[in-house]
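The primary structure of each chain is shown beneath.
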Amino acid sequence: MGIREKLLDFKRRLQDRKMYSIVIVIIAVISIWGINQYRHSASLKQELNNNYNRAFYDLLGYVNNVEVLLVKALIASTPEKTAGTLQEAWRQANMAQTNLGQLPVSQHILAKTSKFLTQVGDLAYSLNNTTMAGNTITEKDYQTVEKLYGYSIELGKSLDDLQQQLSFKRIKWDELTRRGASIFRKTSADMPSQQFENIDKTFQEYPTLIYDGPFSDHLTTLEPKGITGNMLNADQGREKVTEFLGKDRVASLELTGQNDDGPIKTFTYTAAFKDNPEEQKAIVDITQKGGHVYWMLYNRPVPEKKITVDHAKELGRKFLEEKGFKNMADTYYTQEDNTAVINYAYKQDNVIIYPDLIKVKIALDNGEVLGIEAKGYLYSHRERSIPSPGITADEAKSKINERIEILSSGLAIIPTNFKTELFTYEFKGKMYGRDFLIYINAKTGKEENILLIIDTPNGILTM
Amino acid sequence: MKNAKKTIFIFLIILLSNLSLSGSYGTRPLTPSLRLGDRNENVLRLQQRLSNWGYYKGEISGYFDKDTFNAVRQFQHSYGLPVYGTADKHTILALGLSKIIFTGVVHAQATGNSDEQLLARAINGEARGEPYEGQVAVGAVIINRTRDPAFPKTIAGVIYQPGAFTAVSDGQINIAIKEGSTVLKAARDALNGWDPTGGCIYYWNPATATSKWIWSRQVVKKIGKHNFAK
């Protein structure tokens, strides 16, 4: 039977009354299903739009609050009031930034706005700390806050404008999402995203902000202190890497990348080993200056655990010593999949220097080093001239909450979250059945930091 | 003809009931009961929990001794479970230790770190076919973003930022992590600070990326199929 005959046959059958009703029922069922699907998708869309609207209006509210709080901080006359206002500005700016991140607008379109909100909060927090420590805010800081206040007014205005458009339904969130479902997809230059681009233009002339906070601009351009030596070419780099991995073990070694961007410029090499399958490769990044190993990763499965973590700690220390990292002391570690990651810090004259950090990954089957990560060490290592402490250990101890039972003490240099260092006494103490590390400034006696030690079967971590 | 239909119908019913049966029995062999004499990490977790909740006063040794037995009985008694001193599936669930049950099945659920899980799933969605280095690199980009002022501050915030990752937009992030996959390891390495990208905050696949904007970034590194940029 040809198609034509089949169709004719179908037509003939359709004339049959029974067939007729069957077709009608099928159409009815499909329609009901379709209507349900449509309703379902409409309600989901509405829910999504509601969520985006909520994020947007929250953002608007928080930005207005930031604006008000900044100007209040500028006119407050007592340190307490200034500190309180700044603290609230920090909180509100954080909330604004969080809500901004939930809008369905490509990240790069609002990158500057997001940065502004982060830095306002971060700076407010840092100034709040200054005030709390009993120091006054400098004239320069006031000028920065004034500038940021100006920007917050501008941002508030642009957002108000956008809100108008939203309430007249000139912008629909679901239109934005459909098009901008991914930053990798094509972004056409139509109305809605342009509106957002205009907001970001507010920050065209945005200044570089330098202050004591983790998001300060100076941190991205920080020069590494631990990188010494001459510039190498790729062949000299290859020699260094071969030496690092062991001449006898390396079966092949190729240059697979070169990073000429940023403060640490590197060569990347990929190595295969003689005693292991070809596909299990080790990747090594070494610095172009001096040929220091920046990081190494060797991905091989570790099927069983034969050695203890304590043994691994010793193996890691010996390995580091062999590679020229002397006086490294293990601090904390984690253990997963029969592999331990051990943190080593540099020790100088019995002072433990936490910023000079190297992580070593050790296979617990044969003790082989599977990875090393030396970013902290390369950024901060140098021989420091460590002053003698301004207060005695007993004086420092007296600053600690007396309910804590002190188990041991020592001297340590600790990093702050904006890459400066503090010289402190380190006390290990116990309370509520948990272990703590408490850091007291060795010069001023100020309690600088408290860390909670988490001792699990998988390792010792600090929080 | 009618007989054939009936056979098919019966066959379907049997198939369906089989499915539901395998649903309820499927998890059974994977549920380790903890009993007197056991010595492992799960017993350690059990003792810790029983001690936290005030049922167990002994040493947290990882060895299922008489004291642990009594503590389990006491717990079962107060929760209205069958009292027989062996920590079975129901007891373990009542203790909120579901991790013990799922250990080894879905490997990704075996550890407690939620960031690690989420990061592993994001890497799985975005880069499961990439070389190991490329998987760590994708994890590192996500972590670098949390430290960049222009991005959200948490790992969840970065991953679920609308439109930021294709695998999140199209739901690939929810794909189950395959047995023997390296993504969880890669997530751990990234969280531990290994960063093959040297501080990058963007990556894209040059074969599929259509955004003009992304091409305006300067490529710092190429790993596997992805370009990485600042």
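Source: prediction; values computed, not measured.

Summing up its helical and strand segments, chain A has 11 helices and 13 strands in all. Over its C-alpha atoms chain A spans a radius of gyration of 31 Å, topping by over 25% the 23 Å that the globule rule assigns to 463 residues. Split into buried and exposed, the 463 residues of chain A put 35% on the buried side. Put simply, of all contacts in chain A between residues at least 6 apart along the chain, 58% involve residues at least 24 apart.

Counting 97 residues, the largest nonpolar core has Val-284, Met-296 and Ile-358 of chain A together with Leu-119, Ile-123, Val-141 and Ala-187 of chain B as the members making the most contacts within it. Core analysis: the next-biggest nonpolar cluster, separate from the first, contains 37 residues, Leu-86, Val-105, Leu-127 and Leu-209 of chain A among them.

This next bit is on the domain arrangement of chain A. When the domains of chain A are assigned, the result is domain 1 (3-37), domain 2 (39-221), domain 3 (234-379) and domain 4 (393-462). Placing the centre of domain 2 of chain A and that of domain 4 of chain A at their C-alpha centroids yields a distance of 36 Å.

Along the chain, the position of Lys-157 of chain A falls in helix α5 (residues 139-167). Sequence-wise, Lys-157 of chain A and Ser-126 of chain A are 31 residues apart; in three dimensions their C-alpha atoms are separated by 27 Å.

Our focus in this paragraph is the packing of helix α4 (residues 111-132) of chain A against α5 of chain A. Residues and elements named next belong to chain A. Between α4 and α5, whose axes approach to 11 Å, the crossing angle comes to 145°. Regarding α4 and α5, the two cross each other, and that crossing is left-handed. Touching Thr-113, Phe-116, Val-120, Leu-123 and Leu-127 of α4 are Asp-141, Thr-144, Leu-148, Tyr-151, Ser-152 and Leu-155, all from α5. For the contact of α4 with α5, the per-class residue count stands at seven nonpolar, three polar and one charged.

With 41 residues of chain A at the contact, the number on the chain B side is 38 residues. Secondary-structure elements contributing two or more residues to the side of chain A that touches chain B are α4, β1 (250-259), β4 (293-298) and β8 (369-373) of chain A. Within the side of chain A that touches chain B, the residues separate by chemical class into 13 nonpolar, 19 polar and nine charged.

Okay, helix α6 (residues 114-127) of chain B next. Residue and element names in this part refer to chain B. The end-to-end C-alpha distance of α6, which contains 14 residues, comes to 19 Å, matching closely the 20 Å that a straight helix rising 1.5 Å per residue would cover. Where burial is concerned, most of α6 is hidden: 10 out of the 14 residues are buried. Looking only at α6, the buried set comprises Leu-118, Leu-119, Ala-120, Arg-121, Ala-122, Ile-123, Asn-124, Gly-125, Glu-126 and Ala-127. Looking at the buried side of α6, the elements it contacts are α7 (132-146), α8 (155-159), α9 (166-169) and α10 (183-191).

The next subject is the sheet that holds strand β2 (residues 219-223) of chain B. Residues and elements named next belong to chain B. Judged by pairing direction, the sheet is antiparallel, and its three strands sit side by side in the order β1-β3-β2 without closing on themselves. Among the strands making up the open sheet, the edge pair consists of β1 (202-204) and β2. When the angles between neighbouring strand axes are averaged without regard to direction, this sheet yields 25°. The pairing of β2 with strand β3 (residues 226-229) spans four bridges and is classified as antiparallel. By the bridge assignment for β3, Val-219 is matched with Ala-229.

Conventions adopted
Residues numbered from 1 in each chain as written. Chains lettered and ligands numbered in written order. Predicted model: local features only at pLDDT ≥ 70, side-chain atom pairs only at ≥ 80, totals over all residues. Helix = DSSP H or I, 4+ residues; strand = E, 2+ residues; numbered from the N terminus. Rg over C-alpha atoms; globule rule 2.2 N^0.38 Å. Buried ≥ 20, exposed ≤ 12 C-beta atoms within 10 Å, placed from the backbone. Contact = placed C-beta atoms within 7 Å. Core = buried A, V, L, I, M, F, W, Y, C linked by C-beta atoms within 7 Å. Domains from an automatic or database assignment. Axes fitted to C-alpha atoms, helices over the stretch in contact; angles between N-to-C directions. Left-handed = near helix turned anticlockwise from the far one by under 90°. Nonpolar A, V, L, I, M, F, W, Y, C, P; charged D, E, K, R; others polar. Expected span 1.5 Å × (residues − 1). Pairing = 2+ DSSP bridges.

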